Amino acid sequence: MLLALGIGGIGGWLAYSINFPLPWMIGSMVFTTVAAMMGAPIAMASSLRTAMMTVLGVMLGSGFTPEILSALGAWSGSLALVSLYIVLSTACGYLYFHHVCGYDKASAYFSATPGGLSEMVLLGGQYGGDPRVISLVHATRILLIVVAIPFGFYWLSDLEPGQTGGVGPGWSDVGLTAGVLLVACAIAGFFGARAMKIPAAAVVGPMVLSSIVHLLGLTKAAPPMDLVSIAQVAIGAAIGARFYGTSAMMVLKTIVHSAGATVLLVMITLAIASFLVVMTPISLAPLVLAYAPGGLAEMSLIAIALGADAALVATHHIVRIALIVVCAGPLYRLIEHRLGKQAHPGSQKEDTP
């Protein structure tokens, strides 16, 4: 773990030094991924990753100011299409992984779902899929999206390099009372969300409590910039460490497969975002980030770094992840059952006494 954090910290610092977009997370992620593929014995403790996720959850919640309530109605049309995005993405991804890449049905289906990495790995294994393949596909998708999206905005928009550095205030700007309140939001939010079995509890729980605190006007403070940067290094290192213990050939093959699927997902994202720009008052940049198939914490961090509406982005990703986690398993059982009946149309009648 210390080696992963050290390599990630060096990567983050170098990326920050040359004004990379979202440098601490991207630099950490790229360096630890390369180190893992070269066989470096790196890992990330789930407890530390969870703690860093709560920091980001509180940070996201600080974006829910009282003024945001007036914008909720404008989000309804975009939120309504999240389910369509999931269906299109999963269907296209399944066809690609099964018919082009040759994955078995379970591995293809749970690799195609655009979100819920740990949950999809667990469910895929239960239904006979290959957990290593599913994990690598999702990790690669997140890696590619997190690298590509900031650079896309960096090159194609008028984003200034200085906007991509630290996120958050200084330590002295937070204050003791506000700091205690934010820590309470992180701890109580995580344990409360975990007790209620809410997906992505480490981010969603603290974000909900932090948003309530900020909507009520109890504080305007956010986690310090240095702490958020440390959290980004830890999260980037956690993504990179997932590639440890797999052969370079398998990783490269999976990266190629996942890259093809990621292109499909990005095309669907851009199509839906372009449609919603015309149909809703929301601009293109936050819509792309809201539908981009990256992680909740990663996409929300990018939104903050790029000055987009982080509350809108986080809300869309929470809805996406919740729908996938709740519906992926039952839908696969339904599809598998129907495919089985079509393959053996007379079997049910013959077995009936």
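A brief look at the structure comes next. Given the structure is predicted, the values throughout are model-derived calculations rather than measurements.

1. Thoughts on the packing of aromatic side chains
Move 1: For the coordinates displayed, the defined rule picks out 10 aromatic pairs.
Move 2: Here the aromatic rings of F110 and Y332 are separated by 5.2 Å at their centres, their planes lie at 50°, and the arrangement is tilted. Of this pair, F110 sits in helix 6 (residues 105–112) while Y332 is found in helix 15 (residues 310–343), placing the two residues 222 residues apart along the sequence.
Move 3: For F110, a relative accessible area of 0% puts it in the buried group.

2. Quick notes on a nonpolar patch on the surface
Move 1: A cluster of nonpolar side chains, contributed by I10, W13, L14, V30, F31, V34 and M38, occupies part of the molecular surface with about 690 Å² of accessible area.
Move 2: Elements with a minimum of two residues in the nonpolar patch: helix 1 (2–17) and helix 2 (23–37).
Move 3: Here W13 shows up in helix 1.

3. So, the side chain of S107
Move 1: Relative to the assigned elements, S107 resides in helix 6.
Move 2: The class of S107 is buried, set by a relative accessible area of 1%.
Move 3: A polar side-chain atom of S107 sits 2.8 Å from the main-chain amide nitrogen of D130.
Move 4: Residues within four places of S107 in sequence aside, it is in contact with G129, D130 and I134.

4. Structural notes on the nonpolar core
Grouped burial of nonpolar side chains is what soluble globular proteins tend to show.
Move 1: Counting residues in each nonpolar core, the largest one holds 95 residues, and the members touching the most others are F97, F110, V146, I149, L289 and Y291.
Move 2: Aside from chain neighbours lying at most four places away, what touches V146 is M25, I26, M29, E298, M299 and I302.
Move 3: Listed in part, the eight residues of the second largest apolar core include V174, A178, L182 and A186.

5. So, the side chain of T280
Move 1: With respect to the element layout, T280 can be found in the loop between helix 12 (248–279) and helix 13 (284–291).
Move 2: Judged by relative accessible area, which is 13%, T280 ranks as buried.
Move 3: A distance of 2.6 Å separates a polar atom in the side chain of T280 from the backbone oxygen of L276.
Move 4: Once residues within four sequence positions are removed from consideration, T280 is found in contact with A74, S78 and L287.

Calculation notes
Residues numbered from 1 in each chain as written. Predicted model: local features only at pLDDT ≥ 70, side-chain atom pairs only at ≥ 80, totals over all residues. Heavy atoms only, no water. Phe/Tyr/Trp six-rings, centres within 6.5 Å; stacked < 30°, edge-to-face > 60°. Helix = DSSP H or I, 4+ residues; strand = E, 2+ residues; numbered from the N terminus. Buried < 20%, exposed > 50% of the residue type's maximum accessible area, 1.4 Å probe, protein only. Patch = residues over 30% accessible without salt bridge, like charges linked within 9 Å, V, L, I, M, F, W, Y side chains within 5 Å. Areas by Shrake-Rupley, 256 points an atom, 1.4 Å probe, with all protein chains shown as cover. Salt bridge = Lys/Arg side-chain N within 4 Å of Asp/Glu carboxyl O. Polar contact = N/O pair within 3.5 Å; in protein donor to acceptor, adjacent residues only side chain to side chain. Contact = heavy atoms within 4.5 Å. Core = buried A, V, L, I, M, F, W, Y, C linked by side-chain atoms within 4.5 Å.

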